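# What the coordinates show
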Amino acid sequence: MGFLALLPALLGALGPILQKVLPDEGQRLQVQLELQKALIEQQDDLGRAMAEVMKADAGSESPLARNARPITVLWALAMITWVGVVAPMLGLQVEVVAALKGVPAELWSLLTVGIGAYMLARSVDKIVPQVIGSKS
């Protein structure tokens, strides 16, 4: 889930505030549209910046920089396979789940944000050229 998925909730939360500040419905809708446009543009800029970092990493002479993301994806797939398939087949599911509960929440957040950012950047890297090409 990307930032844009949060946009309706954000605009919904701002709605009552805008209603108090801008009683004119036309003005309020205009402000909401401008806010939405600005947030989308900011998200696009962030996605482009992330894509540039990914391109630089992929073109790096360092094997670690070049392969960090693929290694992370393979590690995540291995963990999912272990937890969801192998551990239950070996009767170790209770132990594995207990061990996973011991991982600090901050570490899970770091992992989630890192993989989410990677997925977003990959999506932007593939979608933006198509969108730009269709507008030409």
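Treat the numbers as computed from the prediction; the structure is a model and nothing was measured. (Residues numbered from 1 in each chain as written. Predicted model: local features only at pLDDT ≥ 70, side-chain atom pairs only at ≥ 80, totals over all residues. Heavy atoms only, no water.)

## Remarks on the pattern of salt bridges
It is possible for side chains of opposite charge to pair when their charged atoms get near one another. Within this structure, the stated rule accounts for two salt bridges. Between Asp45 and Arg48 there is a salt bridge, with its nearest N and O atoms 3.1 Å apart. Remark: Arg48 and Asp45 occur in helix 2 (residues 25–58); sequence separation between them is three residues, near one turn of the helix. With a closest N to O distance of 3.9 Å, Glu52 and Lys55 form a salt bridge. Of the two residues, Glu52 and Lys55 are both situated in helix 2; the distance of three residues between them amounts to about one turn of the helix. A relative accessible area of 46% means that Lys55 is categorised as partly exposed. (Salt bridge = Lys/Arg side-chain N within 4 Å of Asp/Glu carboxyl O. Helix = DSSP H or I, 4+ residues; strand = E, 2+ residues; numbered from the N terminus. Buried < 20%, exposed > 50% of the residue type's maximum accessible area, 1.4 Å probe, protein only.)

## Looking at the environment of Gln32
Residue position: Gln32 is located in helix 2. Residues Gln32 and Leu18, spaced 14 residues apart in sequence, show a C-alpha to C-alpha distance of 8.4 Å. Those residues in contact with Gln32, other than ones at most four positions away along the chain, are Leu11, Gly15 and Leu18. (Contact = heavy atoms within 4.5 Å.)

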